[in-house]
Amino acid sequence: MTKRLTAAALLAACAGLAGPFAAARADKAADLKAVASTIDGYRWEFPCKDAMPETPKEGADCVSGLVTGDPKKTDNFAAEKAFGGEKGKRYKVTLRFRGVVEPMMYKNGTKDGDYFYIGGEPDNGTYNIYKISVSSPKAHYYLNRQDKVGHKIFTIDYTKTIEIDGGATVSFLGDGQNGRLISNFLKLVVTDVKPAPKPFNGQFVQMDVVKVAEAK
C-alpha cells in the first residue's frame, strides 16, 4: 500500500512539474516567433485597375492597378524589413504562403515542390514575379514557379522553412513586368485570408510566420 502511495505521489509531483515546463516551452516558442514579427503577414498584391466583371471571361487578363507611368517600369513594388533576433544567431523560419497567382518560369536555380524556387532568375519577360530575398545568409526565393506560363490562375497554400540571421534584411519584390496580369477570372477565394469570402480582384500572396527555431 505504501509503495502504491509513493508511486502515486511521484506521478502527481511529475504532473505538477510538467505544467510549468510546458508553459516555459510555450513562452520560448512565442519569444522566438516574435523575432519574425516584422515579416509576419506580409502581402504581395497585384490589383486589377478596373472592377471585376460579374461574369469574367475564361483566361481574361486585366490592366494592372499599380501602373503610374511606363507599364514596363512602374508595374512593381518592393519593401524591406529588418529581421529581429540576436546578431550572430541563425534562425530557421517556417513560412506559410497562401494566395491567388498566375504561373511564372524561373531558371538556374533549384525547384522545391510545385511552386517554390530557390535562387536563379526569371525566365519570362511578361508574367508576374513574386520574390523574397534575405541579406544573410544571402539567398532569394520565388513563389509561383511553373514549368510553363499561360492564361491561367490558381491558388497556392504551402509552407517552407528558410534560414535568416539575426538582424538581417528581408526584401520583398513584386514585378508584373508589362502592366497587365491574368485576372482572377475564376473568382478564386483562399479560406481565412482576406478578402475572403470575397475573391480578390487581381492576384496576391500572403506570407505568415508559422514557427521560428534557432538553427543548430
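See the structure printed just above.
Not measured: the values here are computed from a predicted model.

J.: Whenever I open this one, the overall build of the protein chain confuses me. Can you help?
T.: Helix and strand content of the protein chain: 2 helices and 12 strands. Reading the helices (α) and strands (β) of the protein chain from amino to carboxyl end gives α-β-β-α-β-β-β-β-β-β-β-β-β-β. Taken over 216 residues, the protein chain has a buried fraction of 38%. Pairs at least 24 residues apart make up 78% of the contacts formed inside the protein chain by residues separated by at least 6 positions. For the protein chain, the exposed surface amounts to about 11800 Å²; the carbon and sulfur share of it is 54%.

J.: Whenever I open this one, the side chain of S64 confuses me. Can you help?
T.: Within the secondary structure layout, S64 lies in the loop between β2 (61-63) and α2 (71-74). Polar side-chain contacts of S64 include one of 2.7 Å to the side chain of D75. When residues no more than four places from it in sequence are discounted, the contact partners of S64 are P47, K49, D75, G179, R180 and L181.

J.: What exactly am I supposed to notice about the sheet that holds strand β5 (residues 106-112) here?
T.: In a beta sheet, neighbouring strands are held together by backbone hydrogen bonds and run either parallel or antiparallel to one another. Strand order in this open sheet of 6 strands is β3-β10-β7-β8-β6-β5, and the pairing throughout is antiparallel. Taken across any chain shown, the strands that pair with only one partner, and hence form the sheet edges, are β3 (76-82) and β5. This sheet shows a mean twist of 25 degrees between the axes of neighbouring strands, independent of strand direction.

J.: Explanation requested: the state of the cysteines in the structure shown.
T.: Disulfides are covalent bonds that link the sulfur atoms of two cysteine residues. For the coordinates displayed, the defined rule picks out 1 disulfide. Between the sulfur of C48 and that of C62 lies a disulfide, 2.1 Å long from S to S. Across the disulfide from C48 to C62, rotation about the S-S bond amounts to roughly -70 degrees, and the bridge is consequently left-handed. Taken together, the positions of C48 in the loop between β1 (42-47) and β2 and C62 in strand β2 put the pair 14 residues apart, joining distant regions of the chain. The two residues C48 and C62 agree in class, both being buried.

J.: Is there a simple way to explain the environment of K72 in this structure?
T.: Residue placement: K72 occurs in helix α2. A residue is classified by how much of its surface remains accessible, and K72, at 67% relative accessible area, is exposed. It is 6.3 Å that separates the C-alpha atoms of K72 and G179, two residues lying 107 residues apart in sequence.

J.: Teacher, can you tell me more about the nonpolar core here?
T.: Buried together is how nonpolar side chains tend to be arranged in soluble globular proteins. Core analysis: the biggest nonpolar cluster contains 36 residues, and I39, W44 and F97 have the highest contact counts within it. Sorting the residues of this core by element identifies β1, β3, β4 (90-101), β7 (129-134), β9 (154-165), β10 (169-175) and β12 (202-214) as the ones contributing at least two each. Counting residues in hydrophobic clusters, the runner-up holds 14 residues, among them M104, I153, I182 and F204.

J.: Would you mind showing me how to read the environment of E54 here?
T.: Along the chain, E54 falls in the loop between β1 and β2. Taking C-alpha positions, E54 is 9.8 Å from K187, a pair spaced 133 residues apart along the chain.

J.: Is there a simple way to think about the environment of P195 in this case?
T.: Looking at the secondary structure, you find P195 in the loop between β11 (180-182) and β12. Dropping the residues within four chain positions of it, P195 is found in contact with R43 and F200.

J.: Please clarify how the packing of aromatic side chains should be interpreted in this entry.
T.: Aromatic rings in a pair are described by how distant their centres are and how their planes are angled relative to each other. If you walk through the whole model with that rule in mind, you get 15 aromatic pairs. Between the aromatic rings of F46 and F77, the centroid separation amounts to 5.2 Å while the plane-to-plane angle is 55 degrees, which identifies the pairing as tilted. Residue F46 is found in strand β1, and its partner F77 is found in strand β3; the two are separated by 31 residues along the sequence. Look at F46 and you get buried, because its relative accessible area is 0%. In this structure an aromatic cluster arises from ring pairing among F97, Y115, F116, Y141, F154 and Y158.

J.: Honestly, the side chain of N144 in this entry has me stumped. Any pointers?
T.: Checked against the element boundaries, N144 lands in the loop between β8 (139-142) and β9. On the basis of relative accessible area, N144 is assigned to the buried category, the value being 0%. Engagement of the side chain of N144 in a polar contact is seen with the backbone oxygen of E102, the distance being 3.0 Å. Setting aside anything within four residues of it in sequence, one finds N144 in contact with V101, E102, P103, M104, Y106, Y115, N128 and Y130.

About the criteria used
- Residues numbered from 1 in each chain as written.
- Predicted model: local features only at pLDDT ≥ 70, side-chain atom pairs only at ≥ 80, totals over all residues.
- Heavy atoms only, no water.
- Helix = DSSP H or I, 4+ residues; strand = E, 2+ residues; numbered from the N terminus.
- Buried < 20%, exposed > 50% of the residue type's maximum accessible area, 1.4 Å probe, protein only.
- Contact = heavy atoms within 4.5 Å.
- Areas by Shrake-Rupley, 256 points an atom, 1.4 Å probe, with all protein chains shown as cover.
- Polar contact = N/O pair within 3.5 Å; in protein donor to acceptor, adjacent residues only side chain to side chain.
- Pairing = 2+ DSSP bridges.
- Axes fitted to C-alpha atoms, helices over the stretch in contact; angles between N-to-C directions.
- Disulfide = S-S within 2.5 Å.
- Core = buried A, V, L, I, M, F, W, Y, C linked by side-chain atoms within 4.5 Å.
- Phe/Tyr/Trp six-rings, centres within 6.5 Å; stacked < 30°, edge-to-face > 60°.

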